[in-house]
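Here are the chains, one letter per residue:
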Amino acid sequence: MSEAAAKASKPGWAEVFRSMGQKKTGYMALFGFASGLPFALFLGTLFAWLSDAEVDLETMGVFSLIGLAYAFQFLWSPLIDKVNIPGMRRLGKRKQWIVPSQLLLGVILVSLALSNPTNESIGWFSLLAGIGALASATQDIAINAWRIDVADEKATLDILSTVYQMGFRLAALVGGALGLIIAARIGWPQTYLLMGAILLGIGFIGLFAPDSDSKKLAEGQPAVVDELFVGLRKQGELEPGIRAKALLVVGGLWAGAIGVVVTFMYMSLAYAPEDRPNPTEFTVNYGPWIIVATIIVPALIAGWLASQKKQGNYLLAEDAPAPQGSGFVMDHLYRALVLPLVEFVGRIGWSLVLILSLVLTYRICDAIWGSFAYPFYLGELEYTKDEVAFASKFFGVGAIILGLALGGFMLTMMGRMLTLTIGALLAALTNLLYADLALGGANMQAVSDAVGFSWAISQVPVIGSPSLAKLTFTIFFENLAIGIAGAAYIAWLSSIVNKNFSAVQYALLSSLTLLVGTLGRGALGEMIEDQGYYDVFILTTLIGFIAVALCLAEWFRQSRSGPTGSGVVTPEAQPAE
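Quick caveat, the model's predicted, so the values are computed rather than measured.

S.K.: Lay out the overall build of the protein in plain terms, naming residues and giving numbers.
M.R.: Regarding its fold elements, the protein presents 25 helices and zero strands. Put simply, the protein has 577 residues, and 53% of those count as buried. For the protein, the share of sequence-separated contacts (at least 6 apart) that also reach a separation of at least 24 residues comes to 83%. Total accessible area on the protein is roughly 24500 Å²; 66% of this is exposed by carbon and sulfur atoms.

Below, the structure written as structure tokens:
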């Protein structure tokens, strides 16, 4: 479908307001909140609790391990697409993973509240946090797949993606800044007890959420037969022998990657502090190879398989007998691990290079910059912690939510690719605002004064520095751009995956966005040390312009062949079950 046709088929703004009241949209906001809350509690607020408990820094370093659960979540995403939890299947294909994960997270947060994070008892505490991070990352995989699966003409993929991020950002505020405020008044255990109760409540409410096959299950019909698994032995499909060889290579690479991550986690937990591996060095040194082993090489193998099938090589001349024993296991593993890649690469073709380039560059500035924001505000610009908290937390979070709302409006009225391109351009240009701050911020101060923003900020009684207006002004516009770009990016990323493989394909693509930021921080840090912040902001602006060019190329590709390739129905356009 062309961009013009897609725009013409989109509902009007009045219809969007009606769809916002739909059940799916409400549950999407709730699931977005449930996704963002543990992320904030495990990767941010928890370290404040450990600091108050006077846990030493070496021991606290172990807790950075839990971030690996989010960075490498795609390693177990095939389970979410293929495996049914015994006794839970009647909840729905995705809810069977979402609801138990939310309930488990609630129990873990309550258990943390009842624990005592001291140096002597930190082992049990860290184990609970690690399990919680795994449950949180698993929930994220399932929720992202749920969003793609249940999207329809009323609760569109664009709207669901925007609402999801709104819920996520609101939860980050509740679990972060608000969590600190609550803890200062009632204590850390009581705060985590409250957060655990919230997630337990969301898990209970989630029982009633719709799912892609909820209607059929509610009517007592059997679960949908996995036609993709059954079809592997049909005439015209690849021979089992050639599939087995591909599975052996891909499965071996994935097993090796999982083994490396598990070994690292064991060494970090079991070894003496001085012998533990460094998490940052592990991500930088092993992260690229894990990506090569689990994404790049399997994608090349999948491309070869897709090309052989297209050329008519290694195909079954007639239907093969139903698999038995090892053949049955092999078909299931191939369906879970290799087929999602074969489908994606075969459908996208060489356009995969363009898509991966866009994935790697679109959010790279945000992903890398986050680690250096506070050193820039506090060290380079010499603002106080209270001033930075006021500008980044109050105005910053509000601007992101406003940007998400504006992005949702733009998606509906202007189309996905135009919004994606505008978001990339705005995100790139806001780096120039920071470049001005790095030189003293004279231009930002002048604009802030001219529009009356400086006067408005000066009326806030807690503000100590008269120059805070220029920082607040800059953060506001940056986060507004981040909200617009984020709404468009998640909607676009969701639109290019296939509903039949949504958990695996989305997890693989989104993991590249997470890892590239981690891998680039070391180089950016060195550049800041050598050349200063101004040159870094000019560089990130140029990288942003590359993303704009790639957006235009992807827009052109979609105008010729549709979002997912020639002749392929998009996930959003597929009929709801």
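S.K.: Give me the lowdown on the nonpolar core, citing residues and values where you can.
M.R.: When a protein is soluble and globular, its nonpolar side chains tend to lie buried together. One finds F74 and W492 to be the most contacted residues of the largest nonpolar core, which totals 125 residues. Here the element with the most residues in this core is helix α8 (residues 122-150); it accounts for 14 residues. Setting aside its immediate chain neighbours within four residues, F74 contacts W254, I290, I291, T294, I295, A507, L508 and S511.

S.K.: Give me the lowdown on the side chain of T294, citing residues and values where you can.
M.R.: Relative to the assigned elements, T294 resides in helix α14 (residues 279-311). In this structure T294 comes out as buried when scored by relative accessible area, which is 0%. Beyond its immediate chain neighbours, meaning those up to four positions away, T294 contacts F74, L75, L253, W254, A257 and L508.

S.K.: An account of the side chain of T419 is requested, with residue identities and associated values reported.
M.R.: Position of T419 among the secondary structure elements: in helix α20 (residues 416-438). In terms of polar contacts, T419 uses its side chain to reach the backbone carbonyl oxygen of M410, at 3.2 Å. Every residue in contact with T419, bar those within four places of it in the chain, is listed here: G407, M410, L411, M414, I484 and A488.

S.K.: Any details on a nonpolar patch on the surface? Residues and values, ideally.
M.R.: Together, L425, L429, L432, L542 and F545 line one region of the surface with nonpolar side chains, adding up to about 400 Å² of accessible area. In terms of residues, the nonpolar patch owes the most to one element, α20, which gives three residues. With respect to the helices and strands, L542 occurs in helix α25 (residues 533-561). For L542, a relative accessible area of 47% gives the class partly exposed.

S.K.: Describe in detail the packing of helix α9 (residues 157-186) against helix α23 (residues 468-495), supporting the description with residues and values.
M.R.: Between α9 and α23, the shortest axis-to-axis distance is 9 Å and the interhelical angle comes to 130°. The orientation of α9 with respect to α23, classified from their angle, is oblique. The chirality of how α9 crosses α23 is right-handed. Side by side, α9 and α23 meet where L157, D158, S161, T162, Q165 and R169 of the first sit next to I482, G486, A487, I490, A491, S494 and S495 of the second. Among the residues making up the contact of α9 with α23, the classes are represented as five nonpolar, six polar and two charged.

S.K.: Can you explain the packing of helix α15 (residues 326-348) against helix α16 (residues 351-362)? Please cite residues and give values.
M.R.: Each pair of packed helices can be described by the angle between their axes along with the distance between the axes. The interhelical angle for the contact between α15 and α16, taken along N-to-C directions, is 105°, at an axis separation of 7 Å. Relative to α16, the element α15 is oriented roughly perpendicular. Within the contact between the two elements, α15 uses F344, V345 and I348 and α16 uses S351, L352 and I355. Split by residue class, the contact of α15 with α16 holds five nonpolar, one polar and no charged.

S.K.: Got a sec to walk through empty space enclosed by the protein? Specific residues and values, please.
M.R.: For the structure shown, the criterion picks out three cavities of 30 Å³ or more. Put simply, the largest cavity is a space of about 160 Å³. Lining the largest cavity we find 19 residues, and of these C365, D366, A427, A428 and N431 sit closest to its centre. The set of elements that each furnish at least two residues to the lining of the largest cavity consists of α16, α17 (364-369), α20, α23 and α25. When residues in the lining of the largest cavity are grouped by element, the largest group, six residues, is from α20. Counted by class, the lining of the largest cavity contains twelve nonpolar, four polar and three charged residues.

S.K.: Explain α15 to me, using residue names and the numbers behind them.
M.R.: Compared with the 33 Å implied by 1.5 Å per residue over 23 residues, the 31 Å span of α15 between its first and last C-alpha is a close match. The buried count for α15 comes to 17 of 23 residues, which makes it a mostly enclosed element. Directly after α15, the chain includes G349, whose backbone phi takes a positive value near 70°.

S.K.: Account for the environment of I98, naming residues and giving values.
M.R.: Along the chain, the position of I98 falls in helix α7 (residues 95-113). Residues I98 and W146 lie 48 residues apart in sequence; the distance between their C-alpha atoms is 8.9 Å. Ignoring any residue separated from it by four or fewer positions in sequence, one finds I98 in contact with F31, A142, I143 and W146.

S.K.: Report on the packing of aromatic side chains, specifying residues and quantitative values.
M.R.: On inspection of all chains with the given rule, the structure shows 25 aromatic pairs. Here the aromatic rings of F376 and F537 are separated by 5.3 Å at their centres, their planes lie at 70°, and the arrangement is edge-to-face. Of this pair, F376 sits in helix α18 (residues 373-380) while F537 sits in helix α25, and the two are 161 residues apart along the sequence. The pair formed by F376 and F537 is uniform in burial state, with each residue classed as buried. Within the aromatic cluster, the residues linked to one another by ring pairs are F376, Y377, Y434, Y533 and F537. The side chain of R147 reaches across the aromatic face of Y506, ending 5.2 Å from its centre. Lying over the aromatic face of Y334, R243 brings its terminal NZ or CZ to 5.1 Å of the ring centre.

S.K.: Give a detailed account of the pattern of salt bridges, specifying residues and quantitative values.
M.R.: Inspection of the entire model under this criterion finds nine salt bridges. One salt bridge in this structure joins D331 and R233, with 2.8 Å as the shortest N-O distance. Note that D331 is positioned in helix α15 and R233 in the loop between α12 (227-230) and α13 (240-270), a separation of 98 residues in sequence. The exposure classification of D331 matches that of R233, with both residues buried. The partner of D331 in a salt bridge is R243, with the nearest N and O atoms 3.1 Å apart.

S.K.: Quick rundown of α9? Include the residues and the values.
M.R.: Look at α9: 40 Å from first C-alpha to last across 30 residues, which is about the 44 Å you get at 1.5 Å a residue. Once α9 ends, the next one or two residues include G187, with phi positive near 100°.

S.K.: I'd love a proper account of unusual backbone geometry, names of residues and values included.
M.R.: One non-glycine residue, Y314, lies in positive phi territory at about 55°. For E382, which is not a glycine, the phi torsion comes out positive at approximately 65°. Note that E382 resides in the loop between α18 and α19 (385-414).

Basis of the calculations
Residues numbered from 1 in each chain as written. Predicted model: local features only at pLDDT ≥ 70, side-chain atom pairs only at ≥ 80, totals over all residues. Heavy atoms only, no water. Helix = DSSP H or I, 4+ residues; strand = E, 2+ residues; numbered from the N terminus. Buried < 20%, exposed > 50% of the residue type's maximum accessible area, 1.4 Å probe, protein only. Contact = heavy atoms within 4.5 Å. Areas by Shrake-Rupley, 256 points an atom, 1.4 Å probe, with all protein chains shown as cover. Core = buried A, V, L, I, M, F, W, Y, C linked by side-chain atoms within 4.5 Å. Polar contact = N/O pair within 3.5 Å; in protein donor to acceptor, adjacent residues only side chain to side chain. Patch = residues over 30% accessible without salt bridge, like charges linked within 9 Å, V, L, I, M, F, W, Y side chains within 5 Å. Salt bridge = Lys/Arg side-chain N within 4 Å of Asp/Glu carboxyl O. Axes fitted to C-alpha atoms, helices over the stretch in contact; angles between N-to-C directions. Parallel < 35°, antiparallel > 145°, perpendicular 65-115°, else oblique. Left-handed = near helix turned anticlockwise from the far one by under 90°. Nonpolar A, V, L, I, M, F, W, Y, C, P; charged D, E, K, R; others polar. 1 Å grid on protein atoms, 1.4 Å probe; cavity = no way out; pocket = protein on both sides within 12 Å on 5 of 7 lines; lining within 4 Å. Points joined across faces, edges and corners; volume = space filled by probe spheres on them. Expected span 1.5 Å × (residues − 1). Phe/Tyr/Trp six-rings, centres within 6.5 Å; stacked < 30°, edge-to-face > 60°. Lys NZ or Arg CZ within 6 Å of the ring centre and 35° of its normal.

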